[in-house]
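Geometric and topological summary
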Amino acid sequence: MTTQVALVGGTGKLGTIIGAVIDELEGFEVSRVLTSSSDLSELDGADLVVDASTPQVSIEVVRAAVERGINVLVATSGWSSERIALVRPLVEAAGTGAVFIPNFSLGSVLGSALAAAAAPFFGSAEIIEAHRETKIDSPSGTAVRTAELIAAARAEQGPVSAPHADQRARGQQVGSVPIHSLRRPGVVAKQEVILSGPGESLTFTHDTTDSALAYAPGIRLAVPFAVQATGVIVGLENMIDIGIRS
């Protein structure tokens with residue numbers, strides 16, 4: 001039996017990549033492609049909803065999928081832990097699954113996990129992320145997720161040191177971690193996590209040079225996983241063993 005996928009935002013850059021990968025997956029078919037302005041009644045009858053729309057539309061897509069009892073895979077940026085908390089009760093009450101993937105790149109997932117593992121050993125942490133000038137949200141969902149992982153890893157140590165955080169040039173704080181966003185031509189996606197302590201610093205850098213090639217392996221993992229998921233799941237790291245032991 002073929003799993004019928006409704007792809008929202010399927011005409012955008014990320015949606016096009018996701019659609020191409022799904023078309024190659026055995027047992028899956030993109031049966032309907034919606035734009036961010038489509039009537040969400042078009043989701044009716046789908047077995048899985050994949051959302052690659054916009055941050056403004058995404059929450060309505062998730063709600064519409066949950067109301068119809070359909071699992072949803074969310075690839076749209078802008079989903080912080082606070083925003084996910086708004087839909088968690090809906091997902092749990094419906095008994096469906098909602099999988100949120102801030103970044104499909106395996107390298108990005110590893111970089112964020114390594115930074116979080118190292119964070120308890122350093123008192124300072126800052127994130128610099130860069131995307132092309134057409135990205136409409138900042139900070140990126142990947143940067144937000146990385147900051148949240150760092151904050152969780154430092155639960156015993158407490159917030160990182162972020163002096164002068166009241167000044168606008170110090171970036172937006174997420175989980176006490178300052179995030180600095182660059183939007184400029186000539187870049188696909190890049191993130192640096194800089195951890196600092198007395199007399200030393202440790203930097204984790206992830207650079208995406210070809211989004212289609214970088215995201216495809218993660219998409220191949222996430223789509224079948226999302227069909228079977230129950231409850232709210234955040235991050236590609238839940239689908240792979242990244243080899244980090246606490």
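So, here's what we can say about the structure. (Residues numbered from 1 in each chain as written. Predicted model: local features only at pLDDT ≥ 70, side-chain atom pairs only at ≥ 80, totals over all residues. Heavy atoms only, no water.)

Some details on the overall build of the protein chain
The condition that has to hold: Strands here are runs of E lasting at least two residues and helices are runs of H or I lasting at least four, both read from the DSSP assignment and numbered beginning at the N terminus. Between the two quantities, the radius of gyration covers C-alpha atoms and the globule rule is 2.2 Å times the number of residues to the power 0.38. Burial here depends on accessible area, computed with a 1.4 Å probe over protein chains only, as a share of the maximum for the residue type. Under 20% is buried, over 50% is exposed, and the range in between is partly exposed. Only heavy atoms matter for contacts: two residues are in contact if any of them lie within 4.5 Å across the pair. Each accessible area is a Shrake-Rupley estimate made with a 1.4 Å probe; only the visible protein chains count as cover when residues are assessed. Only four residue types enter the charge count: Lys and Arg as positive, Asp and Glu as negative, with His and the chain ends excluded. The atom standing in for a charge is NZ when the residue is Lys, CZ when it is Arg, CG when it is Asp and CD when it is Glu.
Per the secondary structure count, the protein chain includes 6 helices and 11 strands. In summary, the protein chain has a C-alpha radius of gyration of 18 Å against a globular reference of 18 Å for 246 residues, a match within 12%. In terms of its C-alpha atoms, the protein chain occupies a principal-axis envelope of roughly 60 × 40 × 35 Å. Evaluated residue by residue, the protein chain yields a buried proportion of 50% over its 246 residues. Sequence-distant contacts, at least 24 apart, represent 72% of the contacts inside the protein chain between residues at least 6 apart. Carbon and sulfur atoms provide 52% of the accessible area of the protein chain, an area that totals close to 11500 Å². Separation between the mean location of the 17 positive side-chain charges and that of the 26 negative ones in the protein chain comes to 5 Å.

Remarks on the sheet that holds strand 8 (residues 177-183)
Each strand in a sheet pairs with another by means of backbone hydrogen bonds, the pair being arranged parallel or else antiparallel. Test applied: Two strands make a pair as long as DSSP finds a minimum of two bridges between them. For helices, the fitted line uses only the C-alpha atoms of the stretch in contact; every axis is such a line through C-alpha atoms, and the angle between N-to-C directions lies from 0 to 180 degrees.
Pairing within the open sheet is mixed, and its 5 strands lie in the order 7-8-6-9-10. With partners counted over all chains shown, the strands left at the sheet margins are strand 7 (172-174) and strand 10 (200-208), one partner each. Shown here is a sheet whose adjacent strand axes are inclined to one another by a mean of 25 degrees, direction ignored. Summarising the sheet, strand 7 and strand 8 pair through 3 bridges and their orientation is antiparallel. Pairing of valine 174 across the sheet is with valine 177, part of strand 8.

Focus: the nonpolar core
Let me state the cut-off plainly: Take the buried residues of types Ala, Val, Leu, Ile, Met, Phe, Trp, Tyr and Cys, join any two whose side-chain atoms come within 4.5 Å, and each joined set is a nonpolar core.
Ile18, Leu73 and Phe104 are the most contacted members of the largest nonpolar core, which totals 28 residues. Of all the secondary structure elements, the ones that give two or more residues to this core are strand 1 (3-8), helix 1 (13-24), strand 2 (28-34), strand 3 (48-51) and helix 6 (211-228). Counting residues per element, this core draws most heavily on helix 6, which supplies 6 residues. Those residues in contact with leucine 73 that lie beyond four places of it in its chain are Leu48, Val49, Val50, Asp51, Val99, Ile101, Phe104, Ala222, Val223 and Ala226.

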